[in-house]
Amino acid sequence: MSGRYQKLGQDIFTKYCSAEEYGPTMLPRAPRQTYIDAYPASDVPGASFQDERQRQTDYEAEVIVYRALESLTDSGLIVLHKFEFTHDQYCICDSSHVRDKKKCKKCGNKFAREGESDFLVVGNGYFVLIEVKNMTPVDEDENDVALRELVGTFRKSVLQRTKVADLIKKIDDRAIVLQFSAYPNFSKESKYQFQLSYEEKDRLNNDEMSSIIFHEDLLHIDATKSSYFEGWWRDNVTHVAEKICISEDHEKVRNILLTIWATDKDKCDETKCSLGRCIMDIDKEIRSGHYTFEPKGRSTRDPNPRIIPAPDVTVKHLGIKYLTKEQNDDLQSPENMLCINGPAGAGKTVILA
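Bear in mind that the values here come from a model prediction, so they are computed numbers and not experimental data. (Residues numbered from 1 in each chain as written. Predicted model: local features only at pLDDT ≥ 70, side-chain atom pairs only at ≥ 80, totals over all residues. Heavy atoms only, no water.)

Participant: Would you mind showing me how to read the packing of helix 4 (residues 144-171) against helix 7 (residues 250-262) here?
Facilitator: A pair of packed helices can be characterised by two numbers: the angle between their axes and the separation between those axes. At a closest axis distance of 10 Å, the pairing of helix 4 and helix 7 adopts a crossing angle of 130°. For the element pair helix 4 / helix 7, the angle class is oblique. For helix 4 against helix 7, the interelement crossing comes out right-handed. Mapping the contact onto sequence places Leu167, Ile168 and Ile171 in helix 4 and Lys252, Val253, Ile256, Leu257 and Ile260 in helix 7. Counted by class, the contact of helix 4 with helix 7 contains seven nonpolar, no polar and one charged residues. (Axes fitted to C-alpha atoms, helices over the stretch in contact; angles between N-to-C directions. Helix = DSSP H or I, 4+ residues; strand = E, 2+ residues; numbered from the N terminus. Parallel < 35°, antiparallel > 145°, perpendicular 65-115°, else oblique. Left-handed = near helix turned anticlockwise from the far one by under 90°. Contact = heavy atoms within 4.5 Å. Nonpolar A, V, L, I, M, F, W, Y, C, P; charged D, E, K, R; others polar.)

Right, here's the structure in full:
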């Protein structure tokens, strides 16, 4: 089975990852769109959107890291956003694991998610894992509990990173795996808070602190078209990896990881790597409005009051099922409506201007 994964991954690499002239290959080609709708600033009577607002800001934090990685000038990098693997895929990578439902409960559900990483970067002879945490500095007036919770987010990110690192090591125990936790909304001037708790066990040591990517590390310098993150990457990744001997099986690991990323359950879909598929997926989700209006599964959550059903004519001719309140107001305007439909580059914006 691992041989099949290697072949599929090599095909993906050849077709989608080996022709970049400048910068990394980003997979997917744009951040995976989730929780994109606007939520009410405060909850309305009988409905709470606190979880949705939190997920939305968590997603926005990941986009900051996505854009920073995208800005790197190393054309040999492959960035996998939202890398996930199942127990079945872990078993494929770990040849010593015996598939026995009686001894291993996870073997009873081979498609159960085993681990994940917000970003897995495949470099020239090394791998980088980045887990993103959407945290801001703790209010100085809060007690030690808040500081412990802050450190707890880092500990959780370490556990998540370790699972993916273990997967990579099962494929090749000589693989170079560097691990970091990114806090895009946490300033360096407040980093002392990670070491402020009364209890020593709830404070990060210096080695742990060195694995955190702070807000300033991700900033762009517009005047020179470069970024602080380019320097951070050079100091913490490139220079470190250069000092370690590259494993002969690096390409094997790379190919297997590419296949895992592109696989849904037991089917590898290489079109997930294409720009066209990325655009189609985003377009489909935006048109359907399933993000926030329609409760998923058996949820009894109320609909988002800022998202409303579209008129029949919009559904019939544009395939758009839901609109924001502002969009609906425009459609109900007494002014004549002109619908302009055309592909990218056709000049729609020019006509409007």
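Participant: Would you take a moment to explain the environment of methionine 209 for this structure?
Facilitator: Among the structural elements, methionine 209 can be located in helix 5 (residues 206-209). Residues methionine 209 and tyrosine 192, spaced 17 residues apart in sequence, show a C-alpha to C-alpha distance of 9.5 Å. Not counting residues within four places of it along the chain, the set of residues in contact with methionine 209 comprises Lys191, Phe194, Gln195, Leu204 and Phe214.

Participant: Just to check I follow, could you spell out the pairing of strand 5 (residues 177-182) for this structure?
Facilitator: Within a regular strand, the side chains alternate between the two sheet faces. Among the six residues in strand 5, five count as buried, and that is most of the element. Strand direction decides the pairing type here: strand 4 (residues 127-132) and strand 5, joined by six bridges, are parallel. Note on strand 5: the bridge partner recorded for glutamate 131 is serine 181. Alignment of strand 5 against strand 6 (residues 212-213), held across two bridges, turns out to be parallel. Bridge pairing links serine 181 to isoleucine 212 in strand 6. (Buried < 20%, exposed > 50% of the residue type's maximum accessible area, 1.4 Å probe, protein only. Pairing = 2+ DSSP bridges.)

Participant: I tried to follow the sheet that holds strand 5 on my own but got confused; where do I start?
Facilitator: Strands in a sheet are paired, the pairing made by backbone hydrogen bonds, and the direction either parallel or antiparallel. Ordered by their spatial adjacency, six strands build an open sheet running 1-2-3-4-5-6, and the pairing between neighbours is mixed. The sheet terminates laterally at strand 1 (25-27) and strand 6, the two strands that pair on one side only. Sheet contacts for helix 6 (residues 228-242): strand 3 (113-122), strand 4, strand 5 and strand 6; angle to strand 5, the most-contacted strand, approximately 150°.

Participant: Could you clarify how one ought to interpret the packing of aromatic side chains in this entry?
Facilitator: Each pair of aromatic rings is reported with the distance of its centres and the angle of its planes. By the definition in use, this model includes eleven aromatic pairs. Here phenylalanine 83 and phenylalanine 85 contribute two aromatic rings whose centre-to-centre distance is 6.3 Å and whose plane-to-plane angle is 40°, an arrangement assigned as tilted. The pair phenylalanine 83 / phenylalanine 85 is uniform in exposure class, with both members buried. Among the aromatic residues, ring-to-ring pairing joins Phe180, Phe229, Trp232 and Trp233 into one connected group. Over the ring of phenylalanine 13 we find arginine 254; its NZ or CZ atom is 3.6 Å from the centre of that ring. (Phe/Tyr/Trp six-rings, centres within 6.5 Å; stacked < 30°, edge-to-face > 60°. Lys NZ or Arg CZ within 6 Å of the ring centre and 35° of its normal.)

Participant: What am I meant to see in unusual backbone geometry here?
Facilitator: Keep in mind that most residues, glycine aside, have a negative phi and that most peptide bonds are trans. Cis geometry marks the peptide bond from leucine 27 to proline 28, where omega comes out at 0°. In this structure, lysine 82 takes a positive phi of about 65° despite not being glycine. Its place among the elements puts lysine 82 in strand 2 (residues 78-86). By relative accessible area, lysine 82 is classed as partly exposed at 25%.

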